[in-house]
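Here's the letter readout for the chains.
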Amino acid sequence: QVRLVESGGGLVQPGGSLRLSCAASGTIFSINNMNWYRQAPGKQREFVVRISSGGSTNYADSVKGRFTISRDNAKNTVDLQMNSLKPEDTAVYYCNVDGRSDNWQIFSAWGQGTQVTVSS
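Residues numbered from 1 in each chain as written. Predicted model: local features only at pLDDT ≥ 70, side-chain atom pairs only at ≥ 80, totals over all residues. Heavy atoms only, no water.

1. A short note on the overall build of the chain
To be explicit about the condition: Put simply, DSSP H or I for four residues or longer makes a helix, DSSP E for two residues or longer makes a strand, and each gets a number counted from the N terminus. Radius of gyration here uses only the C-alpha atoms, and the compact-globule reference equals 2.2 Å multiplied by the residue count raised to the power 0.38. Only protein chains enter the accessibility calculation, which uses a 1.4 Å probe. A residue is then buried if its area is under 20% of the maximum for its type, exposed if over 50%, and partly exposed in between. Whether two residues are in contact is decided by their heavy atoms, any of which lying within 4.5 Å being enough. Accessible areas in this description were obtained via Shrake-Rupley with a 1.4 Å probe; residue shielding takes into account the shown protein chains only. This count recognises Lys and Arg as positive and Asp and Glu as negative, with His and chain-terminal groups excluded. A charged residue contributes its charge at one atom only: NZ of Lys, CZ of Arg, CG of Asp or CD of Glu.
In terms of regular secondary structure, the chain is built from 0 helices and 11 strands. Mapped in sequence order, the helices and strands of the chain form the string β-β-β-β-β-β-β-β-β-β-β. Over its C-alpha atoms the chain spans a radius of gyration of 14 Å, differing by no more than 12% from the 14 Å that the globule rule assigns to 120 residues. The C-alpha extent of the chain, read off along each of the three principal axes, is 50 × 25 × 20 Å. Across the 120 residues in the chain, those meeting the buried criterion constitute 43%. Taking all contacts inside the chain whose residues are at least 6 apart in sequence as the whole, residues at least 24 apart take part in 55%. Accessible surface for the chain amounts to roughly 6300 Å². Of this, 46% is attributable to carbon and sulfur atoms. Averaging the coordinates of the 12 positive side-chain charges in the chain and doing the same for the 9 negative ones gives two points 1 Å apart.

Given below as structure tokens:
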């Protein structure tokens with residue numbers, strides 16, 4: 001079983017910064033993609049950014065140039081540095097990780113979500 005624990009959400013003023021972290025633990029053999037999604041009130045969950053095991057990244061247009069994803073393969077962690085935050089970035093942010101467990105089964109795990117609120 002794979003468990004994800006997120007941290008780092010909170011309240012910030014427009015133009016401010018926050019850093020989210022996500023740590024994966026459990027019966028992990030390997031991790032492929034590490035992703036962040038978000039869900040704003042009344043809206044569907046949307047893709048934010050992905051980082052592959054090799055370090056390739058893919059950002060949603062809405063966050064390009066403002067958000068930066070990074071990962072530590074040795075620690076099975078992924079961080080999301082969010083700068084120049086806007087009110088429309090307000091959402092619950094979810095970490096999502098896919099890979100293979102110790103018994104070689106493919107898994108896709110989700111974190112519990114962390115609230116990010118951008119407001120003056």
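2. Notes on the packing of aromatic side chains
The relative placement of two aromatic rings is captured by the distance of their centres and the angle of their planes. Selection rule: Aromatic contacts are taken between Phe, Tyr and Trp rings whose centres are within 6.5 Å, Trp giving its six-membered ring; a plane angle under 30 degrees counts as stacked, one over 60 as edge-to-face, and the others as tilted. Lysine and arginine charges are scored as sitting over a ring when NZ or CZ, respectively, is within 6 Å of the ring centre and within 35 degrees of the ring normal.
Using the criterion set out here, one finds 3 aromatic pairs in the structure. Each ring, one from Tyr37 and one from Phe47, has its centre 5.7 Å from the other, and the planes form 75°; the classification is edge-to-face. With Tyr37 in strand E4 (residues 28–39) and Phe47 in strand E5 (residues 46–51), the pair connects residues that are 10 residues apart, well separated along the chain. Using a relative accessible area of 18% as the deciding quantity, one classes Tyr37 as buried. Using a relative accessible area of 23% as the deciding quantity, one classes Phe47 as partly exposed. Ring centres of Tyr37 and Trp110 lie 5.1 Å apart, and the angle between their planes is 55°; on these two criteria the pair is classed as tilted. With Tyr37 in strand E4 and Trp110 in strand E10 (residues 106–110), the pair connects residues that are 73 residues apart, well separated along the chain. A network of ring pairs unites the aromatic residues Tyr37, Phe47 and Trp110 as a single cluster. Lying across the ring of Tyr94, Arg45 places its NZ or CZ 3.7 Å from the centre. Across from the ring centre of Trp110, 4.8 Å away, lies the NZ or CZ of Arg45, which sits over that ring.

3. Digging into the pattern of salt bridges
Rules: Counted as salt bridges are all cases of a side-chain nitrogen of Lys or Arg within 4 Å of a carboxyl oxygen of Asp or Glu.
Summed over the entire model, instances satisfying the criterion amount to 5 salt bridges. Salt-bridge contacts for Glu46 lead to Arg38; the nearest nitrogen and oxygen are separated by 2.6 Å. Taking relative accessible area as the criterion, Glu46 reaches 35% and is therefore assigned partly exposed. By sharing partners, the salt bridges in this structure join Arg38, Glu46, Arg66 and Asp89 into a single network.

4. Describing the nonpolar core
Basically, it comes down to this: What makes a nonpolar core is a set of buried Ala, Val, Leu, Ile, Met, Phe, Trp, Tyr and Cys residues whose side-chain atoms join them at distances within 4.5 Å.
Counting residues in each nonpolar core, the largest one holds 32 residues, and the members touching the most others are Trp36, Phe67, Leu80, Met82 and Tyr93. With residues near it in sequence (within four places) discarded, Met82 still touches Gly16, Ser17, Leu18, Leu20, Arg66, Phe67, Tyr93 and Val116.

5. With respect to unusual backbone geometry
One non-glycine residue, Asn76, lies in positive phi territory at about 60°. Note that Asn76 resides in the loop between strand E7 (67–72) and strand E8 (77–82). With a phi close to 50°, Ser84 is a non-glycine residue in the positive phi region. Structurally, Ser84 can be placed in the loop between E8 and strand E9 (91–101).

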